[in-house]
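# Per-entry structural report
So you can see what is in the structure, the chains are spelled out below.
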Amino acid sequence: MKFRNSLFVLFISCFSATALGQQAKLEGQVFDDKNRAVVGVRIVAAGGQSAVTDRKGHFKIGFPISAQPGQATRIQVVKSNWVVFQPMLGNCVTQSAERNYEPLRVVIVPKGSPLALSPKRLSQVIAQWTAERAKLRVEVGNLQQELDEYAFLQQYAKEYGFTLEQFRDAAERWAQIKESDDKEERALKEYWQKNYGKAAQLALESAQVAGEELKQANNKTNEASLKVIRRYKLAGNAYYAQYNFREALDAYNKIEKRFDAKELSKEIFIAEWAEMNFLIGNAKVALGVRVAGDENSQLLKEALANYQQSFTIYTRDQLPKEWAATQNSVGNVLLSLGVRARGAESVKYLNDSEAAYRTALEVATREKLPHEWAKTQNNLGIMLRSLGERASAEEGVKHLNNAITAFRAALEVRTREQLPEEWAATQTNLGNTLQSLGVRVGGAEGVRYLKDAIKAFRAALEVRTREKLPQEWAASQTNLGNALWALGLRVSVEEGINYLKDALALHRTALEVRSREKLPQDWAATQNNVGIVLASTGERLSGAASIKQLKDAVGAFRAALEVRTREHLPQDWAITQSNMGGALLNLGLRISGEEGINYLKDAAAAHRAALEVVTREQLPQQWASRQANLGSALQYLAERVSDAEGIKYLKEAVEAHQSALEVRTRERLPPQWATTQNNLGNTLRGLGERVEREAAIRHLKDATIAHRAALEVFRREDFPQQWAITQNNLARDYVQLHDWPAAAEAYTNVLSLDRGQREAYDKAASIYHDILFKFDKAFDLHQQWLAQHTEDISAQINYAEAHFSVGRFAECEQRVNALLTNPRVPVSTKTALRATKIASLLADGKASQVPVNLDALIAEVAGQPAAFKVEWVFDGTRHFIDQNEKLSSYRAWLGRLFVALASKDRDTMLKALQNVRANYKEQRSTTSFRLKSAWPSPSIITIQRNPGS
C-alpha cells in the first residue's frame, strides 16, 4: 500500500500550502426545540475537542494545526437523551476567521421529538438517504453482496429515538401528500416510492431551474449553490437506484464541472466536493464492472482516483469513520481490477485490496466502531471468497476458509436480534462462500458444504420475508435455488432431479417480485438461472421429457437476452450466450438428422459470440470456459457430418481445448483442468478415427495421455462419477489402439463403480471372451450383470455361451435349450446357439445326440429367407475348442460347421451344412486336425462410441 500512502501525502501537502495561516475552528450558537439559547452544555467534535456554551448559548472549538478549514467533522451534545437536530446527525465542516464563516446554528432536541419526523425534516432525510443508498450500491455490483438499503434510515431513526418502522410509517404518510409545487420534494417522494424514473425526471427539472437561478444571480449564494448540488445529486442517486449508471454519472459530473469552472466554490463546499468524488467513484465502479474492453479498466482506475481525492477531506484523525469507509471502497475497486488483470498485475491488485480492507480495520475496530468493523469484515470475506475462487486447489480452499472466518466474525456483531438485516446479508455471503467450497471440493465433504450453504440461505430468509423485504427475499430465493442446483449435480440422478425441481420452483417464485417492468436486470438474471436449472434437468432426463426441458431452457435464455443485450450489458450477454450454447449442444445430441446438426451449429455460434466479449486478457477464466465449451460443441458437431468437414471441426475443437488449458492449469484450477483434458482426449480420439493409420495412432496415443492426465485429478475417492466417465473414455482409446488388456481393465474399473453401465459390461465381456480368451473373467461379468438384470435376454445368451467356454457343458446345454424356446431370441441367434450346443454335446461325450441337433439346425436355416445370415462372433468359442483336449478329434469337423454358419446367404449356408452333415462320421474319426488350417482368422470386434456417455 506504499503507493497509496505517498499519494495521500501529495494531496495533503498541496492543500496545506493553500491553507497556510488559516486556523480551523468551529463556532456557533446552540438552541433548543423552542428556539431558546441553551446554556452550559458541552459540544464535542469528532477529534475530541470540545467547548461549553455560555449564557447566550455561544461556543467556540479550536482544532490542531493539522486540521484544515472546510474539513468535514461531526459534533455531539453532552446532555442525557438530547441529540443534535441541526445540522442533521451533527455533520458540519470546520471554519476559519480568515474566510469569515457565519456562526453555526445548532439546534438540539430530546430523543423522540416529533420534529425529527416532520415533513420538512423527512425531505432532508430522504435526500441524504438517496446518497447513502447510492454509496452502498457500489458494493452490490462490485462485490455481489446484498444491499442493506435502509441502513442510513435505521441509523437516523435510532439517533433520534425512533424505530425504523416508525420512520417508514411517517415517510409513507409524507409521500402520500400530493399537493406540492416543489419538484424537488415531489422527486423525493417518488424516490421513496421507488418510482425512480419519475424521480430522476423531476429532479432534473428542478436542478435545471436551480442552475438557471445560479447562473443568473449576480452574487452566487450558498443556498443556490447547495440547491444545484443537492438536486443534481438527487437525480444521479435516482438514476443509480434503477441501474442507469451512465445517466447517474452524467448527473454527478454536472456538479463536478461546476466545481472545475469555479461556478461552485471548492473551498466553501469542500465536504460536498469530497462527497461528489465519492459518488462519482461509485458510479464509475458500477458502470465499470458492467462494460467490456478498455473502458472497463479505465473507469475502475478513474474511480480509484476519485476515492483518493476524497481522502483529502476524509482524514483518519478528524473523520475516521468516513476515512475507513473510503478505504473500504478503495479495496472494492482494487478487487475488481485484480480479478480482471492477469499474472503479477492481478496479484498486486488483489494484495492491495486486502491491504486496504485490513487498513480500514485498524481504525474501524470492534471496540470503537463495531458496526463498521463488522461491515469491513464482511467485505474482507467477500474479497477472500473472490480470491479463493480464482486460486489453485489448496490455496483456494485456504482463502475460502478464511472468508468463512471473516463472515463468522462479522456475525458476532451483526446478530439477528440487534441487526437482523445485516445478519441476513452476512448469512447470504456465508452461504455463497460455503457453496463455492462445496463446488471446489469433491465427495461427501463437498456435499456437506453445499448443505451448510442451504442452511445459511434458509436462515437469511427468516428475516428477508416477502412482506417486509420483497427484493431481498427474491434475491435470497435465487441464492437458495442456486445452492440446490449445485447440490442436485452432486448426488444421484433421482435425488438430484428432486433438488433441481425445488431450485426451479424457487427461481420462478422470485420472478413474482423480479418483474421485467420493475426490475429488468434482476428479471433477466433470474431467467438465466431458470434456464440453467432447466438445462441441467434436461441433461438428466431422457426422451421427450429431456428435449422439452432443454427447449424450455433455450426459451428462458432467449428471454434473458432481451434485457441482457451486448450494447448495455456485454458481460451478462456473454454469460447467457454461453449458457444457451450448452443447452443447444444437449439438444443437438438428443435430436437426429438435420435438426440436430442445426442445434449443434447454433451452439457453436453462441459460444463464439460469447468469446467476442470475453477476452483472455480481461477475464481469463471465463475466456477459458468459453473456449472449452466451443471445443465440445465442435467435437460433437464433427460426429454428425462428413469426414472432410468433421476433421475440420475436430481440429478447431482441439485448438479450443488446448487454448483453455493455457489458463486452466492443474495448479490453479485442477477440476477444470481435468475436465478439459478429458474433453481434449475425446476430441483427439475422434480425429484418430477419421484420419490415416499413422496419424491416427499418434492422435489416439495423445488421447490416452490426456485421459490419464485427467485421472490424476479425477480420483475415484474424490470424484467418483468423473473418474468412471474418464475410465470409460480411456477404454475407448485403447479399443481404437487394439490395446485389449488395457481396454478391458478400464471397462472393468467402470463396472467396479457402476455395475449398471451397459457399454462397459458389453465391451469388457466381449474383449475377455472373444479377444483375450480370459473366459473366467467373461463368465464372472455375465454372472454379476444378470444378478442385477435378470431379464436381460442378450446377457442370458452370452452367459449360455460362456458356460461352454469355462467347461460347464451340461449347464450350457440346459441354458441353450431354454433360449431356443424363448420367442424373444432372434432366429439368427438361435442358429448360433444350436452350433454352440452341438460343440458342448461333443465335449460332454454325447456325440450320439449331434445328428438330431444338426438336423434341427439345418431345418431351421432352410425355413429362413434367402438373405438369411448368422451375425455372431465365434472367436472365443473357436479358441476354446482349439485348446480343449476333449474336442481334439472333432476340431476339423467343428471348424467346417462354424465356417458354414459364416456363409453370405441361406442357400450357400444350407449347401455347406449338408456337406458338414454328410462328413460327420468321417470328421469324427479324424484326430490330427489343426485349428488354423480349418478356420478363418479371428475377427476383430468393433466397439462403438456413445457420445452421450
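Scroll up a little and you will see the structure.
Quick notes on the rules
- Residues numbered from 1 in each chain as written.
- Predicted model: local features only at pLDDT ≥ 70, side-chain atom pairs only at ≥ 80, totals over all residues.
- Heavy atoms only, no water.
- Helix = DSSP H or I, 4+ residues; strand = E, 2+ residues; numbered from the N terminus.
- Buried < 20%, exposed > 50% of the residue type's maximum accessible area, 1.4 Å probe, protein only.
- Contact = heavy atoms within 4.5 Å.
- Areas by Shrake-Rupley, 256 points an atom, 1.4 Å probe, with all protein chains shown as cover.
- Lys, Arg positive; Asp, Glu negative; His and termini not counted.
- Charge placed at Lys NZ, Arg CZ, Asp CG, Glu CD.
- Pairing = 2+ DSSP bridges.
- Axes fitted to C-alpha atoms, helices over the stretch in contact; angles between N-to-C directions.
- Expected span 1.5 Å × (residues − 1).
- Parallel < 35°, antiparallel > 145°, perpendicular 65-115°, else oblique.
- Left-handed = near helix turned anticlockwise from the far one by under 90°.
- Nonpolar A, V, L, I, M, F, W, Y, C, P; charged D, E, K, R; others polar.
- Phe/Tyr/Trp six-rings, centres within 6.5 Å; stacked < 30°, edge-to-face > 60°.
- Lys NZ or Arg CZ within 6 Å of the ring centre and 35° of its normal.
- Core = buried A, V, L, I, M, F, W, Y, C linked by side-chain atoms within 4.5 Å.
- Salt bridge = Lys/Arg side-chain N within 4 Å of Asp/Glu carboxyl O.

### A look at the overall build of the protein
Scanning the protein from terminus to terminus reveals 39 helices and 8 strands. Projecting the C-alpha coordinates of the protein onto the three principal axes gives extents of approximately 140 × 50 × 45 Å. A buried classification covers 57% of the 949 residues belonging to the protein. A fraction of 66% describes how many contacts in the protein between residues 6 or more apart in sequence connect residues 24 or more apart. In the form shown here, the protein has an accessible surface area of approximately 40,500 Å², with 49% of it arising from carbon and sulfur atoms. Treating the 124 positive side-chain charges of the protein as one cloud and the 110 negative ones as another, the clouds have centres 1 Å apart.

### Observations regarding the pairing of strand E4 (residues 58-62)
Going residue by residue along E4, you find Phe59 and Ile61 tucked away on one face and His58, Lys60 and Gly62 left uncovered on the opposite face. Alignment of strand E1 (residues 25-31) against E4, held across 5 bridges, turns out to be antiparallel. Across the sheet, the residue bridging to Gly28 is Phe59, located in E4.

### Here we look at the sheet that holds E4
The sheet built from 4 strands is open, its strands ordered E4-E1-E8-E6 with mixed pairing. The open sheet terminates on both sides in strands that have one partner only, identified here as E4 and strand E6 (82-86). Ignoring which end each strand starts from, the neighbouring axes of this sheet average 35 degrees apart.

### Things to note about helix H7 (residues 222-241)
The terminal C-alpha atoms of H7, which comprises 20 residues, lie 28 Å apart, in line with the 28 Å expected from a rise of 1.5 Å per residue. A positive backbone phi angle near 65 degrees is found at Tyr243, which sits one or two residues after H7.

### Side note on the sheet that holds strand E7 (residues 91-93)
Spatially, the 4 strands line up as an open sheet ordered E3-E2-E5-E7, and their pairing is antiparallel. Only two strands of the sheet have a single neighbouring strand rather than two, namely strand E3 (50-52) and E7. The mean inter-strand angle of the sheet, taken between neighbouring strand axes irrespective of direction, is 30 degrees. Taken together, the 3 bridges between strand E2 (residues 42-45) and E3 define a ladder with antiparallel strand orientation. When the bridges of E3 are listed, Arg42 appears paired with Val52.

### Quick notes on the packing of helix H16 (residues 443-463) against helix H17 (residues 470-488)
Packing of H16 against H17 brings their axes to within 9 Å, and their N-to-C directions diverge by 165 degrees. By the angle between their directions, the pair H16 and H17 is classed as roughly antiparallel. Like other packed secondary-structure pairs, H16 and H17 cross with a definite hand, here left-handed. Between H16 and H17, the contacting residues are Val447, Leu450, Lys451, Ile454, Phe457, Arg458, Ala460 and Leu461 on the first element and Trp473, Ser476, Gln477, Asn479, Leu480, Ala483, Leu484, Ala486 and Leu487 on the second. A class-by-class count of the residues in the contact of H16 with H17 yields 12 nonpolar, 3 polar and 2 charged.

### Some remarks on the environment of Pro69
Assignment of secondary structure puts Pro69 in the loop between E4 and strand E5 (72-78). Remark: the alpha-carbon pair of Pro69 and Ala862, spanning 793 residues in sequence, is separated by 114 Å.

### So, the packing of aromatic side chains
The final tally for this structure, using the stated rule, is 23 aromatic pairs. Consider the rings of Phe311 and Trp323, whose centres lie 6.4 Å apart with planes at 65 degrees: the pair is edge-to-face. Separated by 12 residues along the polypeptide, Phe311 in the loop between helix H10 (294-310) and helix H11 (320-340) and Trp323 in helix H11 bring together distant segments of the chain. Just as Phe311 is buried, Trp323 falls in that class too. Geometrically, the ring pair formed by Phe773 and Phe775 is tilted, given 6.2 Å between the ring centres and 40 degrees between the ring planes. The structure contains a cluster of three or more aromatic residues connected by ring pairs, namely Phe85, Trp129, Tyr150, Tyr156, Tyr160, Phe167, Tyr191, Trp192 and Tyr196. Directly above the ring of Trp82 sits Lys79, whose terminal nitrogen or CZ lies 4.1 Å from the centroid. Across from the ring centre of Tyr449, 4.9 Å away, lies the NZ or CZ of Arg448, which sits over that ring.

### A few points about the pairing of E2
With burial as the criterion, only one face of E2 is covered, namely that bearing Ile43 and Ala45; the residues Arg42 and Val44 on the opposite face remain uncovered. Counted between consecutive antiparallel strands, the loop separating E2 from E3 contains 4 residues, among which Gly48 sits at a positive phi close to 100 degrees.

### A closer look at the environment of His789
Along the chain, the position of His789 falls in the loop between helix H30 (775-788) and helix H31 (793-805). For the pair His789 and Lys501, spaced 288 residues apart in sequence, the C-alpha separation works out to 30 Å. Setting aside anything within four residues of it in sequence, one finds His789 in contact with Arg755 and Gly756.

### Focus on the nonpolar core
If you look at the biggest cluster of nonpolar residues, it comprises 114 residues, and the most contacted ones within it are Met383, Leu480 and Leu484. Broken down by element, this core gets its largest block of residues, 10 residues, from H16.

### Concerning the pattern of salt bridges
For the coordinates displayed, the defined rule picks out 46 salt bridges. With a closest N to O distance of 3.0 Å, Glu372 and Lys321 form a salt bridge. Residue Glu372 is found in helix H13 (residues 370-390), and its partner Lys321 is found in helix H11; the two are separated by 51 residues along the sequence. Residue classification places Glu372 among the buried residues on the basis of a relative accessible area of 18%.

### A word on unusual backbone geometry
A cis amide bond links Gln86 with the next residue in sequence, Pro87, at an omega value of 0 degrees. A positive phi angle, close to 65 degrees, is found at Asn35, a residue other than glycine. Backbone geometry places Tyr243, a non-glycine residue, at a positive phi of 65 degrees. In this structure, Tyr243 sits in the loop between H7 and helix H8 (245-260).

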